[in-house]
Each structure stands twice: as structure tokens, then as C-alpha cells.
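# Inside the fold
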Amino acid sequence: HPSGDRIAMARSHNGDSDIYILSTRSGEVLERVTKGGGIDVSPAWSTDGTLLAFASERSGGSQIYVKNYTSGQTQRVTYVGDFNSDPAISPAGTKLAFVSRSQGGFDVYVSDLNGRNAIRITQDMGDNEDPSWSPDGRYLLFSSTRTGRGEIWLSTSDGRSQVQVTRTGGWSQPTFGPPGN
């Protein structure tokens, strides 16, 4: 959580995994966000801490859901394909990056936070996963196997320009650091 006083994590205990919120001070469970109904994983906070996105199999295949801590509502936001994962909420809280399985592997998509207006950032170029927003929301980092091995790529948020960042293989799960660091 942006305040640093709690963390969201997935825990598998007596069955499918669920999302929990824990205190960073005590490790105490503050909230159980999900309960049953399939595997729930990959929690991701918005920069203001009012939203929590996660992947859930509660509707069959994995889809992205967003819990709004202001309204208390949780809603499904992805409908592209039958398997979506790795949610990342943009710094402004208006966009969602996620991974969707397609015929050619896994591709990165960006949509409005409610899942509408989804655009495909990568196009059947190996497996593309682990999107991370730049602090200004203009770029995405992601891992890709398009060269035959795991490398990190940087893309504009609309996908029009993409450049390879690493060239030695074995790279995955990139994350931008916080602003000013």
C-alpha cells in the first residue's frame, strides 16, 4: 500500500489462494479481500491506495477484478480472452495494464480502468508479461520472449514504440522505481 502500513498478498491455505491485506508492523491479517471461488492472485494497488486490482478465477478462466475501497465494491473489469493476469493500475488511476493469453502466447493490453477500450500493446511476439507503469504513466516495462529468451522491453503506453532494454537473456518481472528515486 502506498502508505507503507499494509501489504496485499496472495495466500494459499486449505485450498485455493485468496488475497489478504496484512499489517506491515505486526504481520496481522487486517482483511481477507477474497474468499473461495477459484484462485485469486497478483494483487496490485493504485498509487493512492483506494483501488486494488487482482486476478481471479471466480468466473471460470482468470480475469481481472478491481476492489474500490471508497465504495467497497469489487467488479470484474476484463472481458478480453479467457485468461487475464498481471494487473497494473496506472499512476493516475485511469488505466489498467494486464496480460491476456492469445493464440500466439501472452500479450500485454492497456484498457480504461473499467476494462473498456482495451488495446493490444504486443502482437503475437512470443510471451509478453509482467507490465509495470512508469511513474508518469507514459511508458510500460514488460518481459518478453520475442527474441527467443526472456528480455525486458520498454513501450509507450499506446504500444506504438517499443525498445529492447536488456540483451543477455533470463530477465523477467520488471518494475519501475517510485518517482524521484
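Every value quoted in this text rests on a predicted model; they were computed, and no experiment measured them. (Residues numbered from 1 in each chain as written. Predicted model: local features only at pLDDT ≥ 70, side-chain atom pairs only at ≥ 80, totals over all residues. Heavy atoms only, no water.)

### Focus: unusual backbone geometry
- If you check the backbone angles, D130 has positive phi at about 60° while not being a glycine.
- Secondary-structure assignment places D130 in strand 12 (residues 128-133).
- Here D130 falls in the buried class, since its relative accessible area comes to 16%. (Helix = DSSP H or I, 4+ residues; strand = E, 2+ residues; numbered from the N terminus. Buried < 20%, exposed > 50% of the residue type's maximum accessible area, 1.4 Å probe, protein only.)

### Observations concerning the side chain of N128
- Turning to its location among the elements, N128 is positioned in strand 12.
- Its relative accessible area of 0% is what places N128 among the buried residues.
- A polar contact of 3.1 Å, which involves the side chain of N128, links it to the backbone oxygen of M125.
- Within polar-contact distance, the side chain of N128 engages the side chain of R146 at 3.2 Å. (Polar contact = N/O pair within 3.5 Å; in protein donor to acceptor, adjacent residues only side chain to side chain.)

### Considering the pattern of salt bridges
- Tallying each qualifying case throughout the model produces 10 salt bridges.
- One salt bridge connects K67 with E31, and the closest N-O pair in it is separated by 2.6 Å. Remark: E31 occurs in strand 3 (residues 29-32) and K67 occurs in strand 6 (residues 63-68); sequence separation between them is 36 residues.
- When its relative accessible area of 12% is taken as the criterion, K67 is described as buried.
- The class for E31 is partly exposed, based on a relative accessible area of 23%. (Salt bridge = Lys/Arg side-chain N within 4 Å of Asp/Glu carboxyl O.)

### Overview of the sheet that holds strand 15 (residues 162-164)
- In space, the 4 strands of this open sheet follow the order 12-13-14-15, with antiparallel pairing throughout. Bordering the open sheet on either side are strand 12 and strand 15, each of which pairs with just one other strand. Each strand of the sheet is rotated relative to its neighbour by a mean of 25°, with strand direction disregarded.
- Two strands pair when backbone bridges link them, and strand 14 (residues 151-156) and strand 15 are joined in this way by 3 bridges, in the antiparallel orientation. Of the residues in strand 15, the one forming a bridge with W153 is Q164. (Pairing = 2+ DSSP bridges. Axes fitted to C-alpha atoms, helices over the stretch in contact; angles between N-to-C directions.)

### Structural notes on the sheet that holds strand 6
- Read across the sheet, 4 strands follow the order 4-5-6-7 without closing on themselves; strand pairing throughout is antiparallel. With partners counted over all chains shown, the strands left at the sheet margins are strand 4 (40-45) and strand 7 (74-76), one partner each. Along the sheet, successive strands turn relative to each other by an average axial angle of 25°, direction set aside.
- Alignment of strand 6 against strand 7, held across 3 bridges, turns out to be antiparallel.

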